[in-house]
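The residues making up each chain are set out below.
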Amino acid sequence: MSLTQDGLAAGRDRTALIEESILPTRASQRPIGMLGYAWIWVGIAVIIATYSLGATGIQGGFSLGTVALTILLANLAIGALMLLTADIGTEHGLSFAVYLRAPFGLYGTHLPAVSRGVVAAMWFGIQTYLGALALNGIGEYFLGFSNWFLWYALFAAVQVANTMLGIKSVERLASLAAPAIIAISAWMYFTLDGIAQTKGLNIWTFRAEGQASLIVLFIANMSFWSTMAIDIPNLTRFVETQTGTRSFFRRNRSIFLAQLVALPVTQAMIAGIGAVSFIATGNWNPVEVIQGDAQGIALLVLLVLVVLAQWSTNNSANLIPAALTFVNLAPRVINYRMAVIIAGVVGTLCFPWQILDNLFVFLGYYGAFLSAIGGIMVADYYVIRRRRLNVPALYDPEGQYRYGRGFNPAGLIAWVLAGAIAAWWSVYAFVIGFPLGFLLYLALMHGLVLSRYGQAELESRESDDYLAASVGVDWVHLCSGRFARIPCGSGNAGDREDL
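A quick note: this is a predicted structure, and the numbers were derived from the prediction, not measured.

(A) Examining the overall build of the protein chain more closely. Within the protein chain, the regular secondary structure consists of 23 helices and 2 strands. Scaling as 2.2 N^0.38, a compact globule of 499 residues should have a C-alpha radius of gyration of about 23 Å, and the protein chain matches this with 23 Å. Expressed along its principal axes, the backbone C-alpha trace of the protein chain runs to roughly 70 × 45 × 40 Å. Within the protein chain, buried positions represent 60% of all 499 residues. Here the contacts in the protein chain between residues at least 6 apart in sequence split such that 84% fall between residues at least 24 apart. Side chains of the protein chain carry 28 positive and 27 negative charges; the gap between the two charge centres is 6 Å.

Next comes the structure, spelled out in structure tokens:
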């Protein structure tokens, strides 16, 4: 059998650890360019809940400029952290849940991975609910028909179908939605500024009487993206990568625009609109404010923004991450398309309207445990392994990541302890959970694991045989759990159901 034929056969070779959609992507299977990836992040960053972050800053007594700058800097900081975890995708082509087999064990990965997958599915439900309300508004105004639950079910089904078509379909939607979102957001800003001026208010000099902390606002904005900070390899494994270079900046050049420009600028813009809405009307939700007076085309444009924003976020930030964690849970029986459906069903049935009533409590507690995972990932990838990873062992039930019956005590103990401590001070969850997870994991790995199980880790971190994109090779699954390192561009990538 030829190498190409072996590669094609690999997609049918499903085991308890292997399924086509969670195998490493080759350089030739990464179709998203720099601009396409940036458009995806514009869409991801437009979340209705973001409006409330800006309003919270205004209520705390800060000026619009101070609030916008704080949110911009917070998202620059979280974007920089995303760059670190993103390299797992660009270097090795691995998904988030599969990589967690290294720090948590082949079976230990399911605890943190599924916790992230469930949260992603719940966010899908929240976003779908908000989009359904907008669709119901369109139907009510133009058709005289009102049934938000029907729109909820239909909108969920359409998004699931779109995401099942794969990453290229997600990118195409983002490239259409993102410019429209930016244009409509600018229109919203000027509309709200006009409302403020009619009331004699200057949005740039307005100051409320509250006394909040900029540090708390900064941390809250970082916690907002703790989910994507850890599972961003799910996306970067499909981003065009310059291979054969050890330069972190050249290898990851296609993701810098998204993480350091698209995310912080869009997030600051959307939060700023929420702040302006609060200044002008006392309501942080500009959609509700403008919808109250809008008619005809203006109303349609507004509600289209809401639908596009929820849709573009759900595809890449919620459905794909959730689906890949569910595939990882049972690769033998769950494929990518089935996992997307499962994620859609879980999210749709999670009663998102009740979560929205307690949104910031929800954000604080899950952010605590997810930020701890981020610290563990960075410690494992950069300190323990020095970016060198025995990828075939991630799919080997008897490989080096089996540890003790498939569980790495260092990762699991560090996660639970760091997450619990961060949750106790949930207001500061991210800045506690991330560094504490980092430090605890390193201490526990050296104290409990490396001396017993980790000789392979100590040996492999010095060898270029465990690098991929940096040295111009791909990890390629042949069949029966066998892998080879093939020069990038060699052979036929084959078809993947998640492309």
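Okay, back to it.
(B) Main features of the packing of aromatic side chains. By the definition in use, this model includes 17 aromatic pairs. Each ring, one from Tyr99 and one from Tyr381, has its centre 5.9 Å from the other, and the planes form 85°; the classification is edge-to-face. Highlighted residues: Tyr99 in helix H5 (residues 96-99) and Tyr381 in helix H19 (residues 359-384), separated in sequence by 282 residues. Overall, Tyr99 belongs to the buried group, its relative accessible area being 0%. Judged by relative accessible area, Tyr381 falls into the buried class, the value being 1%. When the ring of Phe430 is compared with that of Phe434, the centres are 5.7 Å apart and the planes differ by 20°; the resulting orientation is stacked. Taken together, the residues span about one helical turn, with Phe430 and Phe434 both in helix H22 (residues 429-449) at a distance of 4 residues.

(C) Highlighting the environment of Val289. You can see Val289 is positioned in helix H15 (residues 286-291). Classification of Val289 by relative accessible area gives buried; the value is 14%. A C-alpha to C-alpha distance of 34 Å links Val289 and Ile232, two positions 57 residues apart in sequence. Beyond its immediate sequence surroundings of up to four residues, Val289 is in contact with Leu192, Ile195, Ser277, Thr281 and Asn283.

(D) Quick peek at the nonpolar core. Counting 155 residues, the largest nonpolar core has Trp41 and Trp225 as its most contacted members. If one sorts the elements of this core by residue count, helix H16 (residues 296-329) sits on top with 16 residues. Apart from the residues lying within four places of it in its own chain, the contact partners of Trp41 are Met82, Trp225, Met228, Ile232, Leu235, Ala258, Gln259, Ala262 and Leu263.

(E) Examining the pattern of salt bridges more closely. Counted by the stated rule, this structure contains 9 salt bridges. A salt bridge links Arg387 to Asp87; its shortest N-O distance comes to 3.4 Å. Of this pair, Arg387 sits in the loop between H19 and helix H20 (391-394) while Asp87 sits in helix H4 (residues 64-92), and the two are 300 residues apart along the sequence. Assigned by exposure class, Arg387 and Asp87 land together as buried. A salt bridge links Arg116 to Asp231; its shortest N-O distance comes to 2.4 Å.

(F) Region of the structure containing the side chain of Thr325. Structurally, Thr325 can be placed in helix H16. Excluding residues that lie within four positions of it along the chain, Thr325 makes contacts with Phe96, Ala97, Ala113 and Gly117.

(G) Region of interest: a nonpolar patch on the surface. There is a patch of nonpolar side chains on the surface, built from Ile215, Ile421, Trp424, Trp425, Val427, Tyr428 and Val431 and spanning about 750 Å² of accessible area. Here Tyr428 is to be found in the loop between helix H21 (409-424) and H22. Note on Tyr428: relative accessible area 35%, which makes it partly exposed.

(H) Molecular detail of the packing of helix H9 (residues 167-198) against helix H14 (residues 253-281). At a closest axis distance of 9 Å, the pairing of H9 and H14 adopts a crossing angle of 20°. By the angle between their directions, the pair H9 and H14 is classed as roughly parallel. For the crossing formed where H9 meets H14, the hand is left-handed. Between H9 and H14, the contacting residues are Ser185, Met188, Tyr189, Leu192, Asp193, Ile195 and Ala196 on the first element and Met269, Ile270, Ile273, Val276, Ser277, Ala280 and Thr281 on the second. Partitioning the contact of H9 with H14 into residue classes produces 10 nonpolar, 3 polar and 1 charged.

(I) Structural view of unusual backbone geometry. Despite not being glycine, Arg386 has its phi angle at roughly 50°, a positive value. Tracing the chain through its elements places Arg386 in the loop between H19 and H20. According to the relative accessible area criterion, Arg386 is partly exposed, its value standing at 36%. Even without a glycine there, the phi angle at Tyr403 is positive, about 50°.

(J) Up close: the side chain of Asn314. Within the secondary structure layout, Asn314 lies in helix H16. Given a relative accessible area of 0%, Asn314 falls into the buried group. A polar contact of 3.4 Å, which involves the side chain of Asn314, links it to the backbone oxygen of Phe124. A polar side-chain atom of Asn314 sits 2.7 Å from a polar atom in the side chain of Gln159. Here Asn314 is in contact with Trp123, Phe124, Gln127, Thr128, Gln159 and Leu319, once residues within four sequence places are set aside.

(K) Looking closely at helix H7 (residues 110-143). The terminal C-alpha atoms of H7, which comprises 34 residues, lie 46 Å apart, in line with the 50 Å expected from a rise of 1.5 Å per residue. H7 sits mainly inside the fold: 25 of its 34 residues count as buried. Two residues or fewer after H7 comes Gly144, characterised by a positive phi angle close to 70°.

Calculation criteria
- Residues numbered from 1 in each chain as written.
- Predicted model: local features only at pLDDT ≥ 70, side-chain atom pairs only at ≥ 80, totals over all residues.
- Heavy atoms only, no water.
- Helix = DSSP H or I, 4+ residues; strand = E, 2+ residues; numbered from the N terminus.
- Rg over C-alpha atoms; globule rule 2.2 N^0.38 Å.
- Buried < 20%, exposed > 50% of the residue type's maximum accessible area, 1.4 Å probe, protein only.
- Contact = heavy atoms within 4.5 Å.
- Lys, Arg positive; Asp, Glu negative; His and termini not counted.
- Charge placed at Lys NZ, Arg CZ, Asp CG, Glu CD.
- Phe/Tyr/Trp six-rings, centres within 6.5 Å; stacked < 30°, edge-to-face > 60°.
- Core = buried A, V, L, I, M, F, W, Y, C linked by side-chain atoms within 4.5 Å.
- Salt bridge = Lys/Arg side-chain N within 4 Å of Asp/Glu carboxyl O.
- Patch = residues over 30% accessible without salt bridge, like charges linked within 9 Å, V, L, I, M, F, W, Y side chains within 5 Å.
- Areas by Shrake-Rupley, 256 points an atom, 1.4 Å probe, with all protein chains shown as cover.
- Axes fitted to C-alpha atoms, helices over the stretch in contact; angles between N-to-C directions.
- Parallel < 35°, antiparallel > 145°, perpendicular 65-115°, else oblique.
- Left-handed = near helix turned anticlockwise from the far one by under 90°.
- Nonpolar A, V, L, I, M, F, W, Y, C, P; charged D, E, K, R; others polar.
- Polar contact = N/O pair within 3.5 Å; in protein donor to acceptor, adjacent residues only side chain to side chain.
- Expected span 1.5 Å × (residues − 1).

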